[in-house]
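Descriptive analysis of the structure
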Amino acid sequence: MTAQLIDGNALSKQLRGDVAKRAAALKARGITPGLAVVLVGDNPASQVYVRNKVKACEDSGLHSVLEKYEASMTEAQLLARIEALNNDPSIHGILVQLPLPAHIDAHKVIESISPAKDVDGFHVASAGALMVGQPGFWPCTPYGCMKMLESIGYELKGKHAVVIGRSNIVGKPMALMLLQQNATVTICHSATRDLKAMTLQADVIVAAVGKRNVLTADMVQPGAVVIDVGMNRNDEGKLCGDVDFEGVKQVAGWITPVPGGVGPMTITMLLVNTLEAAERAAG
Ligand code: NAP
């Protein structure tokens, strides 16, 4: 069996087209959805991420502001900037690129963002809203994974989903979203005793670990849906996921590639959340 591909680039293009249309409708009412991206320090990977986010905004007709600061910026200065952005009516979404320099408390900074502008979905209020099933902003990466499942018309009700990884930004919210769709969810992590025994029972596997080949063909039951969130480098320095793609695609029913899978969806859902924030602000 060869798995069908869930193409994150193609789905992103479609969803970004919808974002552009909704942004144009808001603009006709005199409101341009605006995202502020805040980068502190000169982490090379972060610089690439923020550039991609700003470009994606521009391409979809959203206004974006990139605020870049020296790594020496103090926590108080950053908190003051966030406060100003919270009060800026032209900004509907605020994203602080992580990681922050060690002298800044990232948790405190995220908590200083107004929940109404928390388009990354990392604020405790957003996490709580997801937990209890209330409206709020969903973290972009797991939200993108849910859109990928939706795009293939996958019915999660009654299925067994196994999430590998329990981070606050991917694994845990992913598990909650799957649960909300009535899947039976198992969360695995570094202390899980027999990962293979878990994944072999899964109809859906989401790998969000950050290690190559965490999921191999012998760990997947035929026809399972495999979503690969991981971003790693192989021996040739090329981007790869957590899943042994070549092996697993022989067994799985559906699979997401890396690159071209979850990565573009993450940025797309940031645009969706920003637009949503602007629409909510506009009433
Ligand atoms: P993280 O905070 O490092 O979490 C990794 C999780 O994997 C932890 O819960 C850890 O367990 C678990 N883990 C580690 N080794 C394991 C093993 N051998 N078996 C089972 N579980 C294991 O990472 P993250 O932020 O969630 O990101 C995960 C991956 O997704 C990374 O590669 C990251 O770059 C990628 N990512 C991609 C996107 C995208 O847009 N495509 C977005 C975000 C993240 P413990 O909790 O027990 O330590």
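What counts, and at which threshold
Residues numbered from 1 in each chain as written. Predicted model: local features only at pLDDT ≥ 70, side-chain atom pairs only at ≥ 80, totals over all residues. Heavy atoms only, no water. Phe/Tyr/Trp six-rings, centres within 6.5 Å; stacked < 30°, edge-to-face > 60°. Lys NZ or Arg CZ within 6 Å of the ring centre and 35° of its normal. Disulfide = S-S within 2.5 Å. Buried < 20%, exposed > 50% of the residue type's maximum accessible area, 1.4 Å probe, protein only. 1 Å grid on protein atoms, 1.4 Å probe; cavity = no way out; pocket = protein on both sides within 12 Å on 5 of 7 lines; lining within 4 Å. Points joined across faces, edges and corners; volume = space filled by probe spheres on them. Helix = DSSP H or I, 4+ residues; strand = E, 2+ residues; numbered from the N terminus. Nonpolar A, V, L, I, M, F, W, Y, C, P; charged D, E, K, R; others polar. Domains from an automatic or database assignment. Pairing = 2+ DSSP bridges. Axes fitted to C-alpha atoms, helices over the stretch in contact; angles between N-to-C directions. Contact = heavy atoms within 4.5 Å. Salt bridge = Lys/Arg side-chain N within 4 Å of Asp/Glu carboxyl O.

On to the packing of aromatic side chains, then. The description of an aromatic ring pair rests on the distance of the ring centres and on the angle between the ring planes. Taken as a whole and judged by the stated rule, the model has one aromatic pair. A centroid spacing of 5.3 Å and a plane angle of 70 degrees characterise the contact between Trp138 and Tyr143, whose relative ring orientation is edge-to-face. Above the face of the Tyr154 ring, Lys159 is positioned so that its terminal group lies 4.7 Å from the ring centre. Over the aromatic face of Phe137 sits the side chain of Arg280, whose NZ or CZ is 4.3 Å from the ring centroid.

Here we take up the state of the cysteines. Tallied over the entire structure, the rule returns zero disulfides. The cysteine Cys57 is free of any disulfide, with Cys140 supplying the nearest cysteine sulfur at 11 Å. Residue Cys57 is classed as buried on the basis of its relative accessible area, which comes to 0%. No disulfide involves Cys188; its sulfur sits 16 Å from the nearest other cysteine sulfur, which is in Cys145.

Our focus in this paragraph is the layout of surface pockets. It is a probe the size of a water molecule, rolled over the atoms, that shows where empty space is left. Approximately 1100 Å³ is the volume found for the largest pocket. Forming the boundary of the largest pocket are 44 residues, of which Tyr49, Thr141, Met231, Gly263 and Thr266 lie nearest the centre. Elements represented by at least two residues in the lining of the largest pocket include exactly α2 (44–59), β4 (93–96), α6 (140–151) and α10 (262–282). The element that contributes the greatest number of residues to the lining of the largest pocket is α2, accounting for nine residues. Within the lining of the largest pocket, the residues separate by chemical class into 25 nonpolar, 12 polar and seven charged. Both domain 1 (30–114) and domain 2 (140–263) contribute no fewer than three residues apiece to the lining of the largest pocket.

Along strand β8 (residues 225–228), one buried face is formed by Val225 and Ile227 and the opposite face, lined by Val226 and Asp228, is buried too. Two elements, strand β7 (residues 204–207) and β8, share four bridges in a ladder whose sense is parallel. The residue bridging Val204 from the neighbouring strand is Val225, located in β8. Pairing of β8 with strand β11 (residues 254–255), which is carried by two bridges, proceeds in the parallel orientation. Residue Val225 lies in a different strand from β11, and its bridge partner there is Trp254.

This part takes up the sheet that holds strand β2 (residues 34–40). Taking strand neighbours across the sheet as the criterion, the three strands line up as β3-β2-β4 in an open arrangement whose pairing is parallel. The open sheet has two free edges, formed respectively by β3 (63–69) and β4, since each of these has just one partner strand. Each strand of the sheet is rotated relative to its neighbour by a mean of 15 degrees, with strand direction disregarded. Where β2 meets β3, seven bridges bridge the pair, whose relative direction is parallel. Following the sheet pairing, Val37 is matched in β3 by Leu66. Relative to the sheet, α2 contacts β2, β3 and β4, its axis offset from that of β2 by approximately 170 degrees.

Another aspect to go through is the pattern of salt bridges. In the structure shown here, the tally under the stated rule is 10 salt bridges. Residue Lys196 pairs with Asp218 through a salt bridge whose shortest N-O separation is 3.3 Å. In this pair, Lys196 sits in helix α8 (residues 195–199) while Asp218 sits in the loop between β7 and β8, placing the two residues 22 residues apart along the sequence. Overall, Lys196 belongs to the partly exposed group, its relative accessible area being 35%. With relative accessibility at 42%, the residue Asp218 sits in the partly exposed group. Where Glu246 meets Lys249, a salt bridge forms, and the shortest distance between an N and an O atom there is 3.1 Å. Among the residues examined, Glu246 registers a relative accessible area of 48% and is labelled partly exposed. Because the salt bridges share partners, they merge into one network encompassing Arg22, Glu276, Glu279 and Arg280.

In short, the description is geometric, and any link to function would need to be established separately.
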